[in-house]
Every structure is written in structure tokens, then in C-alpha cells.
Amino acid sequence: MRAARRRFMVLSVPLAALWVGTATAAGEGAQAGAGTGIKDLLARNVKDIVCFRGSFTGHGINVRDYLKAKSVPAPDLSQDGKQVMRTVPAIYVGQDVRSLTVLVEREDGVSENWDEMHGFSLKVSMRGWRGPLYTEGSCSWRGSDKLVKGTSEVAEANTSTLSCHVDCEGGGMEMRRVPGSRDVIFHFHNTDEGLRMSGSPKDEGSYYLGGSGKPLEEAAPGEEKHPVEFRLSPMPAKQCEAFRKETGRSAD
């Protein structure tokens, strides 16, 4: 992990999906299309996938570039008589998103805190950028409220949404189903830092997308933000499988 300061974020995405790997009957698709639950749009079997995609104009997001980070003096901070330095990334405000593609794969595993686990891969293309940015992580789905083991906290049901995150405090996203359709609404989690991404599917990541347009130390605590929302539609099975190969996910 980079030494630069990291914040965890979650991103929310409204999803509309197509079954990939196992075909859905026309009747099932019509029935699910009239509902509000996100589970109807997700793959039923382990290793099966669904994909969503959208093209956009005028959807601007902020990008933090840690490849071009610099060390600057931290105001009024010193240690043993020496000035404390902080890492500040280059920040590009309002970058125009051209397209956004999400793959969601059903994964194996059980937990007292969730009912289903899914992995995701995300690709974001922006105008004026040399190439797309990628990331991957995990998502959990709960059909009912669950008491977190060993605590008094309750993990709330997310029947209409799928909350996802990137490991090691890499931020998050969320996908929310559009009622009465198979589309979803995607948005980055409402945090100052954003979602960690990289210039290739398997790199750790040196960019953060969707965060504040100011350095973290200058962002106003508790300042209300309104994340940009992206409406995504299901991708055909062949295109979804091609995207799986592009991201390096194995179908075995």
C-alpha cells in the first residue's frame, strides 16, 4: 500500500443486469423487471456474472492522482524540531466520464453478517485521458437486518442496493436498482478521498475517483456532498464475457 493518506469509501450503483453463464427465462426477466430488489438482477450461481454499462456526457467527477503527488509542509506541525510533511496528490476537478462498466460475479462463502457475497470489477473511461482506469473488490447482500457478531451494531438489509468496497481502505461504491426496470444507478461512496483505481486491471492503484476537489486537510468536516449518479443498463452475455477476460477474471 502507498504511504499516502487513505480514506475508506463506499460507492452506490443502481444496477440493471443480464444473466451471463446461465440464461434466464423470459418470464423470469419480466417478473424481475417489475420489482425493486437488487437480488433479482444478480447472478444466482457461483462464478456466474452480470454486467452493466452506460455512456455519458457532462458527468464530471474529481480525480486524485498519487503518481503526481508531492510532499508539502503540514501547517503548524513539527516533530523533534523538524517540520512534518504531508503527501498531497494532484487533483483534477470535474473530469468528464465517457463510459462506466461494472461486472458483478457471484462468489462462494457464508457469513453471519451477509447472505451473499459478490466480487466486482469496474472500468471508467474519461475524456482527455490516455486510457481507462480499473479497480476490483467485493460486495455483500443482506436480505434482512443482521446483528454484527460480538457487537450491538446492526447491519441493515440492502434489498434494493449492493454496497461494494475495495480492500485496504480503497473506498467504495453502491449500485441501486431502478424500480420497475433492470437498470441500476451507480455512485461512488460519499467520502473525501474517493475510490482507488489504477491504469490496468491488476495494478494496486494510484488514482482515487469521486472524492473531494480539495486536499483532505482542507475539506470541510461533515460537508454535505451530492455524489454524481450514473444510470447503467445490462450488457449482452457475449460482451460481459469479453469484459471478464479484459479484467483478468477467471471463469474456472
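Preceding this section is the structure that the text describes.
Heads up: these notes are all about the structure in this document. (Residues numbered from 1 in each chain as written. Predicted model: local features only at pLDDT ≥ 70, side-chain atom pairs only at ≥ 80, totals over all residues. Heavy atoms only, no water.)

### Topic: the overall build of the chain
- Looking only at helices and strands, the chain has two helices and 14 strands in total.
- Within the span of the chain, comprising 252 residues, buried residues form 48% of the whole.
- Contacts spanning at least 24 positions in sequence make up 71% of the contacts within the chain whose residues lie at least 6 apart.
- In the structure as shown, the chain presents an accessible area of about 12,400 Å², 49% of it carried by carbon and sulfur atoms. (Helix = DSSP H or I, 4+ residues; strand = E, 2+ residues; numbered from the N terminus. Buried < 20%, exposed > 50% of the residue type's maximum accessible area, 1.4 Å probe, protein only. Contact = heavy atoms within 4.5 Å. Areas by Shrake-Rupley, 256 points an atom, 1.4 Å probe, with all protein chains shown as cover.)

### With respect to the nonpolar core
- Ranked by internal contacts, the top residues of the largest apolar core, which has 34 residues, are Leu122, Phe186 and Leu209.
- Within the second largest apolar cluster, six residues are counted, among which are Ile49, Leu103, Met235 and Phe243. (Core = buried A, V, L, I, M, F, W, Y, C linked by side-chain atoms within 4.5 Å.)

### Thoughts on the pairing of strand 5 (residues 116-126)
- For strand 5, the buried fraction is high: 11 of the 11 residues fall into the buried class.
- Residues Glu116, His118, Phe120, Leu122, Val124 and Met126 of strand 5 are buried on one face, and the alternating residues Met117, Gly119, Ser121, Lys123 and Ser125, pointing to the opposite face, are buried as well.
- Taken together, the nine bridges between strand 5 and strand 6 (residues 133-141) define a ladder with antiparallel strand orientation. Paired with Val124 across the two strands is Leu133, which belongs to strand 6.
- Following strand 5, the chain reverses through six residues before pairing antiparallel with strand 6; Gly128 in that reversal takes a positive phi of roughly 90 degrees. (Pairing = 2+ DSSP bridges.)

### A closer look at the state of the cysteines
- Taken as a whole and assessed by the stated rule, the structure comprises two disulfides.
- The disulfide bridge from Cys51 ends at Cys240, spanning 2.0 Å between sulfur atoms. Judged by the sign of its S-S torsion, about 70 degrees, the bond between Cys51 and Cys240 is right-handed. Here the residue Cys51 occupies a position in strand 2 (residues 49-55), and Cys240 occupies one in helix 2 (residues 237-247), the gap between them amounting to 189 residues.
- The disulfide bridge from Cys139 ends at Cys164, spanning 2.1 Å between sulfur atoms. Looking along the S-S bond of the Cys139-Cys164 disulfide, the torsion reads about 105 degrees, which is the right-handed sense. Linking Cys139 in strand 6 with Cys164 in strand 9 (residues 161-165), this pair joins segments that are 25 residues apart in sequence. (Disulfide = S-S within 2.5 Å.)

### Comments concerning the packing of aromatic side chains
- The full count for this structure, using the stated rule, is seven aromatic pairs.
- An aromatic cluster of three or more residues is present, and its members are Phe56, Phe186, Phe188 and Phe230. (Phe/Tyr/Trp six-rings, centres within 6.5 Å; stacked < 30°, edge-to-face > 60°.)

### As for helix 2
- Residues of helix 2 that are buried: Cys240, Phe243, Arg244 and Thr247. Buried residues of helix 2, viewed axially, fall in a sector of 105 degrees; they line one side. Turned more than 90 degrees away from the buried face of helix 2 sit Lys238 and Lys245, all of them exposed.
- Immediately beyond the C-terminal end of helix 2, within one or two residues, lies Gly248, with a positive phi of roughly 85 degrees. (Arc of directions from axis to C-beta.)

### Notes on the layout of surface pockets
- Size it by volume and the second largest pocket reaches roughly 190 Å³.
- Asp65, Lys68, Tyr92, Trp129, Arg130, Gly131, Pro132, Leu133, Gly199 and Tyr207 are the residues that line the second largest pocket.
- Classifying every residue of the lining of the second largest pocket by side-chain character gives five nonpolar, two polar and three charged. (1 Å grid on protein atoms, 1.4 Å probe; cavity = no way out; pocket = protein on both sides within 12 Å on 5 of 7 lines; lining within 4 Å. Points joined across faces, edges and corners; volume = space filled by probe spheres on them. Nonpolar A, V, L, I, M, F, W, Y, C, P; charged D, E, K, R; others polar.)

### Re empty space enclosed by the protein
- Applying the stated criterion to the full structure yields two cavities of 30 Å³ or more.
- Here the second largest cavity defines a volume of roughly 30 Å³.
- Lining of the second largest cavity is provided by Ser121, Leu122, Tyr134, Thr135, Glu136, Pro201 and Thr247.
- Counting residues per element, the ones that place at least two in the lining of the second largest cavity are strand 5 and strand 6.
- Looking at the lining of the second largest cavity residue by residue, the classes come out as three nonpolar, three polar and one charged.

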